Amino acid sequence: MTIRFDDRVVIITGAGGGLGRAHALAFAARGAKVVVNDLGSSAIGTGASHSPAQLVVDAIIAHGGEAVANYDSVSDGDKIVQAALDNFGRVDVVVNNAGILRDKSFAKMSDEDWDLVYRVHVEGAYKVTKAAWEPMRNQQYGRIIMTASAAGIYGNFGQANYAMAKLGLHGFAQTLALEGRSRNILVNTIAPVAGSRMTETIFTPEMVAKLKPEFVSPLLVWLASEANQEHTGGLYEVGAGFIAKLRWERSRGQTFDISGGFDADAVAEAWDRISDFTDATHPGSTQDSFTQIFANLQAD
Ligand code: NAI
């Protein structure tokens, strides 16, 4: 195995089942010391249990690997990072994977449905990452993965809360990628598809069985490895053996002469050009985003 994690310490949140479990086993097989975090809650975020995380730790140890269980909620991210520091003395990789669903149409969504999904996905990823950030900066090494979703990228009926949280994680990751680069902290986001208890209500049992979480872990392991020296801020779709990178696309657009002002009728008239993706560009930074805007100011 060329990609190795010997002497590296990996935290995976929500690693008691589904994708997180597959990631934990994959890292451990390559020599990582793994903190297997899982609150052991239900898919809608109720209850708690030690057994999911413990079973994964037992499986890793049975295969000759090293792991410890942690049962805190990601809301207490500092405790999860502390578990890594107490048991293994450092933290090299954080995989923000813990998640729940509170699917409802927006008309029926309660404040609690909104808040709980925000708290687990966004605030949870923030808390764990925030606690790991300083140790990573000090050691000038870190790899962080966020777990987004197609629901956030494209929208999905009944998942306004989840979609908000999932695309929020990508925005979070893109900024951390900029701030972490000089300290060798690389931050990427995956949008996976896998059979798990989270998807067993939407996929057939056959699909759930075939869409193995193990098909997602290789991308994640590569991005989180030392072999990855430059790829940061990316967003990747991954599942069933398919892996692809996404980027923003911008139409050539329409520039209006602002010296005399322009109105909604002018926008309507230019609509085809505004929304036509022929010869589209792919801005990759706020600078790229602003270039044409400021050029038009100068032209004025
Ligand atoms: P899962 O339900 O099997 O795993 C999520 C784990 O997170 C569970 O073991 C749960 O106990 C744990 N968890 C929940 N709240 C927690 C908290 N507050 N603190 C610590 N642990 C907590 O589901 P799955 O499918 O493995 O999902 C993993 C991640 O992948 C989630 O973030 C999910 O949103 C995301 N995802 C999954 C997709 C799929 O097709 N399975 C699609 C897109 C995204």
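Residues numbered from 1 in each chain as written. Predicted model: local features only at pLDDT ≥ 70, side-chain atom pairs only at ≥ 80, totals over all residues. Heavy atoms only, no water.

Chemist: Describe the sheet that holds strand E8 (residues 242-246), and please don't skip the residues or the numbers.
Modeler: In spatial order, the strands read E3-E2-E1-E4-E5-E6-E7-E8; together these eight strands make up an open sheet with mixed pairing. Each edge of the open sheet is held by one strand with a lone partner, namely strand E3 (66-70) and E8. Within the sheet, the average angular offset between the axes of one strand and its neighbour, ignoring direction, is 20 degrees. Examined bridge by bridge, strand E7 (residues 235-239) and E8 share five bridges and lie antiparallel to one another. Looking across to E8, one finds that valine 238 is bridged to isoleucine 243. (Pairing = 2+ DSSP bridges. Helix = DSSP H or I, 4+ residues; strand = E, 2+ residues; numbered from the N terminus. Axes fitted to C-alpha atoms, helices over the stretch in contact; angles between N-to-C directions.)

Chemist: Tell me about the nonpolar core, and name the residues and values.
Modeler: Side chains of a nonpolar character, in soluble globular proteins, are inclined to be buried together. Of all hydrophobic cores here, the largest spans 34 residues; its most connected members are Ile11, Val91, Val94, Ile144, Met146 and Val187. Of all the secondary-structure elements, those providing two or more residues to this core are strand E1 (9-12), helix H3 (77-88), helix H4 (111-139), strand E5 (142-147), helix H6 (160-180) and strand E6 (185-192). Here the element with the most residues in this core is H4; it accounts for nine residues. When residues no more than four places from it in sequence are discounted, the contact partners of isoleucine 144 are Val94, Asn96, Thr129, Trp133, Met136, Ile185, Leu186, Val187 and Asn188. In terms of nonpolar packing, the next biggest core, distinct from the first, is built from 30 residues, Val10, Ala24, Val216 and Val238 among them. (Core = buried A, V, L, I, M, F, W, Y, C linked by side-chain atoms within 4.5 Å. Buried < 20%, exposed > 50% of the residue type's maximum accessible area, 1.4 Å probe, protein only. Contact = heavy atoms within 4.5 Å.)

Chemist: Please provide a residue-by-residue account of the environment of asparagine 156, values included.
Modeler: Following the sequence through the fold, asparagine 156 ends up in the loop between helix H5 (150-154) and H6. Given the relative accessible area of 45%, asparagine 156 is considered partly exposed. Within the structure, asparagine 156 has its side chain in polar contact with the side chain of glutamine 159 (distance 3.0 Å). (Polar contact = N/O pair within 3.5 Å; in protein donor to acceptor, adjacent residues only side chain to side chain.)

Chemist: Would you mind going over empty space enclosed by the protein in detail, with residue names and values included?
Modeler: Going through the model one piece at a time under the given rule, you end up with one cavity of 30 Å³ or more. For the largest cavity, the calculated volume is near 50 Å³. Contributing to the lining of the largest cavity are Thr13, Val74, Asn96, Asn97, Ala98, Val120, His121, Gly124, Ala125, Thr147, Lys166 and Leu169. Ranked by residue count, the leading element in the lining of the largest cavity is H4, at four residues. Split into classes, the residues belonging to the lining of the largest cavity amount to five nonpolar, six polar and one charged. (1 Å grid on protein atoms, 1.4 Å probe; cavity = no way out; pocket = protein on both sides within 12 Å on 5 of 7 lines; lining within 4 Å. Points joined across faces, edges and corners; volume = space filled by probe spheres on them. Nonpolar A, V, L, I, M, F, W, Y, C, P; charged D, E, K, R; others polar.)

Chemist: Tell me about the site of the ligand, residues and numbers included.
Modeler: In the vicinity of the ligand lie 30 residues, with Leu19, Asp38, Asn97, Tyr162 and Ser196 positioned nearest. In this structure, leucine 19 approaches the ligand through a main-chain N or O atom, which is 2.8 Å from an oxygen atom. Glycine 99 places a main-chain nitrogen or oxygen 3.4 Å from an oxygen atom of the ligand. In isolation the ligand has 820 Å² of accessible area, and contact with the protein removes 96% of it. (Near = heavy atom within 4 Å. Areas by Shrake-Rupley, 256 points an atom, 1.4 Å probe, with all protein chains shown as cover.)

Chemist: Could you give an account of the packing of aromatic side chains, with specific residues and numbers?
Modeler: The full count for this structure, using the stated rule, is three aromatic pairs. Judged by centre distance (5.0 Å) and plane angle (80 degrees), the ring pair of phenylalanine 5 and phenylalanine 27 falls under edge-to-face. In this pair, phenylalanine 5 sits in the segment before E1 while phenylalanine 27 sits in helix H1 (residues 18-29), placing the two residues 22 residues apart along the sequence. The class of phenylalanine 5 is buried, set by a relative accessible area of 2%. Looking at phenylalanine 27, the relative accessible area reads 0%, which means it is buried. (Phe/Tyr/Trp six-rings, centres within 6.5 Å; stacked < 30°, edge-to-face > 60°.)

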